[in-house]
Amino acid sequence: TRSTRPQRLLKVVQKHATRGDPQSVISAIDHFCRRSEWAMNIGDEKGSILDSVVSELNPEKVLELGTYCGYSTVRIARLLPPGARLITLEFNADYAAIARQVIAWVGLEDKVQLVESASEDWIPRMTEHFGIETFDFVFLDHWKDRYLPDTKLMEGCGLLRKGTVLLADNVICPGVPDYLEYVRNSLSYKSCYFKSHLEYSKAEDGLEKKSVFLG
Ligand SMILES: Nc1ncnc2c1ncn2CCOCCNC(=O)c1cc(-c2ccc(F)cc2)cc(O)c1O
Ligand SMILES: [Mg+2]
């Protein structure tokens, strides 16, 4: 049977990227998705915004919701200081299998823990299973109708502290209107919008960054 898109992405990485070199994996995936086959990675333009937010924050404990093939996982993990940890939740078993191999290819397994689970099933288990009280940085890139309920769930589980930064992908395309409305109106968040484009496309998209006040 025909290979899947994630399988083709992994083949591109194994053929064109250098083991242990995260930048070569990022470049190989971006080149393939721009020239051959679109895929829902955050991409190079929004990825640079993600890089700047992570570099400025220098987080120790990171949560990523929605791994897909691990492109943004690699973008984030390559910038983390020694000892920092990234937990990434992926619902789809096929995506998770590919992402594990991409993460292993760049040699970032010691920083990254991939959990194959729906976000709502594992957010309540972060503290007892990983010993994580609060996260410094959360990247939301999973089902767009889960951004708001999962943010409320993280609040309820005490996983967000004063100063935790949440960065959400696709706030325009596909769009997360309920989430935007909530964080832009809520007094406990200061938020800003980074206008950009949908990955490998001219369509408008953007990232919404919010620092938690819990005021
Ligand atoms: N742990 C978890 N818990 C729950 N659910 C989970 C999960 N882990 C994964 N999932 C399932 C959802 O995963 C993929 C979510 N991402 C997208 O759907 C996405 C779509 C587009 C897009 C598509 C078509 C267009 F025309 C225009 C834009 C662009 C993007 O950048 C996207 O990120
Ligand atoms: Mg996305």
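Everything here concerns the structure above.
Every value quoted in this text rests on a predicted model; they were computed, and no experiment measured them.

Scoring rules and cut-offs
- Residues numbered from 1 in each chain as written.
- Chains lettered and ligands numbered in written order.
- Predicted model: local features only at pLDDT ≥ 70, side-chain atom pairs only at ≥ 80, totals over all residues.
- Heavy atoms only, no water.
- Axes fitted to C-alpha atoms, helices over the stretch in contact; angles between N-to-C directions.
- Helix = DSSP H or I, 4+ residues; strand = E, 2+ residues; numbered from the N terminus.
- Parallel < 35°, antiparallel > 145°, perpendicular 65-115°, else oblique.
- Left-handed = near helix turned anticlockwise from the far one by under 90°.
- Contact = heavy atoms within 4.5 Å.
- Near = heavy atom within 4 Å.
- Polar contact = N/O pair within 3.5 Å; in protein donor to acceptor, adjacent residues only side chain to side chain.
- Areas by Shrake-Rupley, 256 points an atom, 1.4 Å probe, with all protein chains shown as cover.
- Nonpolar A, V, L, I, M, F, W, Y, C, P; charged D, E, K, R; others polar.
- Expected span 1.5 Å × (residues − 1).
- Buried < 20%, exposed > 50% of the residue type's maximum accessible area, 1.4 Å probe, protein only.
- Phe/Tyr/Trp six-rings, centres within 6.5 Å; stacked < 30°, edge-to-face > 60°.
- Donors = N, O, S within 2.8 Å, 3.2 Å for Na, K, Ca; no water.

**Overview of the packing of helix α1 (residues 5-16) against helix α2 (residues 22-35)**
The N-to-C vectors of α1 and α2 enclose an angle of 130 degrees; their axes lie 9 Å apart at closest approach. Classified by the interaxial angle, the pair formed by α1 and α2 is oblique. When the axes of α1 and α2 are compared, the crossing they make is right-handed. Contact with α1, carried on its side by R8, L9, V12, V13 and H16, involves V25, A28, I29, F32 and C33 of α2 and no other residues of that element.

**Here's the deal with the site of ligand 1**
Taken together, 19 residues sit near ligand 1, with S119, D141, W143, N170 and E199 positioned nearest. Interatomic distance of 3.0 Å between a backbone N/O atom of S117 and a nitrogen atom of ligand 1. Relative to its unbound accessible area of 690 Å², ligand 1 is 80% covered by the protein chains. Elements that contribute at least two residues to the shell around ligand 1 include exactly β2 (85-90) and α9 (171-175). Partitioned by chemical class, the residues of the shell around ligand 1 number 9 nonpolar, 5 polar and 5 charged.

**A word on helix α3 (residues 43-57)**
Counted at 1.5 Å a residue, the expected span for α3 with its 15 residues is 21 Å, and the 20 Å between its end C-alpha atoms agrees. Along α3, the residues classified as buried are G43, K46, G47, I49, L50, D51, V53 and V54. Residue N58 follows α3 closely and has a positive phi angle near 50 degrees.

**Focus: the packing of aromatic side chains**
According to the stated counting rule, one finds 4 aromatic pairs in the structure shown. Measuring from ring centre to ring centre gives 4.8 Å for Y68 and Y95, while their planes differ by 90 degrees; the resulting arrangement is edge-to-face. You can see Y68 sitting in the loop between β1 (61-65) and α4 (71-77) and its partner Y95 sitting in helix α5 (residues 93-105), a full 27 residues away along the chain. An angle of 50 degrees between the planes, with centres 5.6 Å apart, marks the rings of W122 and F130 as tilted.

**A short note on the coordination of the magnesium ion (ligand 2)**
Coordination angles at a metal have ideal targets, namely 109.5 degrees for four tetrahedral donors and 90 or 180 degrees for six octahedral donors. Protein-derived coordination of the magnesium ion (ligand 2) comes from D141 (OD), D169 (OD) and N170 (OD1), at a distance range of 2.0 to 2.2 Å. For the magnesium ion (ligand 2), all donor residues lie on one chain, and their spacing in sequence is D-x27-D-N. Of this pair, D141 sits in the loop between β4 (135-140) and α8 (147-156) while N170 sits in the loop between β5 (160-168) and α9, placing them 29 residues apart in sequence. Residue D141 shares its accessibility class with N170, and that shared class is buried.

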